[in-house]
Amino acid sequence: ERITQTVEITKHVVDIEEKGVKLRLTIVDTPGFGDAVNNTECWKPVADYIDQQFEQYFRDESGLNRKNIQDNRVHCCIYFISPFGHGYRQPCRAAGGWAGQGSLGWRSPGSPRRLRPLDVEFMRALHQRVNIVPVLAKADTLTPAEVERMKNKIREEIDHYGIRIYQFPECDSDEDEEFKLQDQALK
């Protein structure tokens with residue numbers, strides 16, 4: 001089912017059970033985020049929503065009846081970073097192909113994209129409120145070398161702007177090698 005783009009905050013609740021452990025997962029989505037012509041402070045509704053959820057939880061915890069408190073706090077923000085624009089394989093609307101330099105229509109692989117100003121402002125506004133996990137969206141449209149260069153450049157810029165992102169914990173020494181390799185690739 002295709003989700004319509006909006007600039008609203010929408011909640012989807014999913015009940016998951018794995019190995020006897022029940023978990024209610026609430027996904028808070030912002031389809032259409034950043035699509036407006038003027039994106040000045042477009043991150044503010046998201047920050048306000050996160051703050052409201054923390055305040056509500058605090059009020060519930062401070063009350064007399066704390067038995068059936070629902071935890072609607074936002075614990076993690078998976079922030080999808082577009083692989084297009086500001087450098088690599090930018091879609092060209094006029095020609096219907098890829099915009100860039102040279103006869104093949106590709107940008108130079110030696111100049112990986114930078115984070116958009118909106119990406120930086122959003123992550124800077126939220127990094128003290130919630131764990132941020134940046135994800136390179138549509139990475140399957142890039143070669144492994146392009147993905148690696150882009151990930152490194154994005155990490156450099158995140159460090160440059162002082163944005164704190166979620167750091168995956170170290171693997172236990174008794175984990176199998178395949179799991180350790182997957183863990184390392186995620187980092």
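Residues numbered from 1 in each chain as written. Predicted model: local features only at pLDDT ≥ 70, side-chain atom pairs only at ≥ 80, totals over all residues. Heavy atoms only, no water.

### Concerning helix α2 (residues 117-126)
Keep this limit in mind: Burial classification: accessible surface area is computed with a 1.4 Å probe over protein chains only, and a residue below 20% of its type maximum counts as buried, one above 50% as exposed, and the rest as partly exposed. Per the convention used, a helix needs a DSSP run of H or I reaching at least four residues, while a strand needs a run of E reaching at least two, with both numbered from the N terminus. In this analysis, two residues are considered to be in contact whenever any of their non-hydrogen atoms come within 4.5 Å of each other.
Within α2, seven of the ten residues are buried, leaving the element largely enclosed by the surrounding structure. For α2, every residue scored as buried is listed here: L118, D119, V120, F122, M123, A125 and L126. Tucked inside the fold, the buried residues of α2 contact α1 (44-62), β3 (76-81), β6 (131-136) and α3 (144-160).

### Considerations on the nonpolar core
For clarity, the cut-off: In this description, a nonpolar core means a group of buried Ala, Val, Leu, Ile, Met, Phe, Trp, Tyr and Cys residues linked to one another through side-chain atoms lying within 4.5 Å.
Within the largest apolar cluster, 24 residues are counted, with the highest numbers of intra-cluster contacts made by Y79, L115, F122, M123, L126, V130 and I132. Every element with two or more residues in this core is listed here: α1, β3, α2, β6 and α3. Ranked by residue count, the leading element in this core is α2, at five residues. Dropping the residues within four chain positions of it, F122 is found in contact with F33, W43, V46, C77 and Y79.

### As for α1
Put simply, the test is: By definition here, a helix of n residues has an expected span of 1.5 Å times n minus one. Of all possible arcs, the one meant is that of the directions from the helix axis to the C-beta atoms.
Taking 1.5 Å per residue as the helical rise, α1 with its 19 residues ought to reach 27 Å, and the 27 Å between its terminal C-alpha atoms agrees with that figure. Buried within α1 are the following residues: V46, A47, Y49, I50 and Q53. The buried side chains of α1 occupy one side of the element, clustering within an arc of 165° when seen end-on. For α1, the secondary structure elements touched by its buried residues are β1 (10-18), β2 (21-29) and α2.

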